[in-house]
Amino acid sequence: MTEIRHHLTDALMIGYCAGTLPEGFNLVVATHISLCDECRARMHEFESVGGEILADELPQAMSDQSLSDTLDMIEAGDIAEQAASAYIRPETTNLAQSSSNVPLPLQDYIGSDLDKVKWRKVGGGVKQAILKTSKTASVRLLHIPAGAAVPDHGHRGTELTLVLQGAFSDETDRFGAGDIEVANEDLNHQPVAEAGVDCICLAATDAPLRFNSWIPRIAQPFLRI
Ligand code: ZN
Ligand code: ZN
């Protein structure tokens, strides 16, 4: 795997360690941690700090924005359902040495072969496969053909996008394999897959996207996007 340049925010890391994230977000976070040495080390630091100190001190150390993001995520979710969602272990994945092309935390959801995923067409050549998780967040695999674009959209909540294969670029930067993009209400973007290889991403959202053109808006309820 090439060098990972886009990592988890503190808010996501704390939410994951504290067990307050929806299952779909846990899955994306655990999958990133399984691929990323840097975030795995940070997670061990957070865990060793302990719950009490986390609650007392870290909110002051975080920026106002990341704290309010965490609170929004906790508020947005159904607490009872979240409590029931299993902790997803961030077992280390070394795809170069593994016979599977699927990171370990994801294998419980989609099996061990990315080539056997059952895709459904979304439009514009883009395909998706929705994963079964608790309803507090929706999580899917997206398959974007090389050079193709996802429709231009904004966000009503938080969207996490983790690249599993290939790369995409949007208004903010380039995201390659292992990179995670955290998008919020203030970001409007149009991800475009890089030429050469199809891009496969794991994407989770806790609220429907806000599409800027009418065709995706009409299709939205059917695609559950
Ligand atoms: Zn990382
Ligand atoms: Zn987005």
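All of these numbers come straight from a predicted model, not from anything done at the bench.

1. Some remarks on the coordination of the zinc ion (ligand 2)
In an ideal tetrahedron of four donors about a metal, each angle is 109.5 degrees. In an ideal octahedron of six donors, the angles are 90 or 180 degrees. The coordination sphere of the zinc ion (ligand 2) contains the protein donors His153 (NE2), His155 (NE2), Glu159 (OE), Glu159 (OE) and His189 (NE2), at a distance range of 2.0 to 2.7 Å. If you list the donors of the zinc ion (ligand 2) from N- to C-terminus, the spacing comes out as H-x1-H-x3-E-x29-H. Here His153 matches His155 in class, with each residue buried.

2. As for the nonpolar core
Leu106, Leu141 and Leu202 are the most contacted members of the largest nonpolar core, which totals 36 residues. Elements supplying a minimum of two residues to this core: helix 1 (10-18), helix 2 (23-35), helix 3 (37-49), helix 7 (104-110), strand 3 (138-144), strand 5 (159-165) and strand 10 (199-205). Of all the elements, helix 2 adds the most residues to this core, at 7 residues. Contact partners of Leu141, with chain neighbours within four places excluded, come to Leu106, Ile110, Val117, Trp119, Lys127, Gln128, Ala129, Leu131, Leu164, Ile200, Cys201 and Leu202. Within the second largest apolar cluster, 12 residues are counted, among which are Ile144, Val163, Cys201 and Ala203.

Parameters at a glance
Residues numbered from 1 in each chain as written. Chains lettered and ligands numbered in written order. Predicted model: local features only at pLDDT ≥ 70, side-chain atom pairs only at ≥ 80, totals over all residues. Heavy atoms only, no water. Donors = N, O, S within 2.8 Å, 3.2 Å for Na, K, Ca; no water. Buried < 20%, exposed > 50% of the residue type's maximum accessible area, 1.4 Å probe, protein only. Core = buried A, V, L, I, M, F, W, Y, C linked by side-chain atoms within 4.5 Å. Helix = DSSP H or I, 4+ residues; strand = E, 2+ residues; numbered from the N terminus. Contact = heavy atoms within 4.5 Å.

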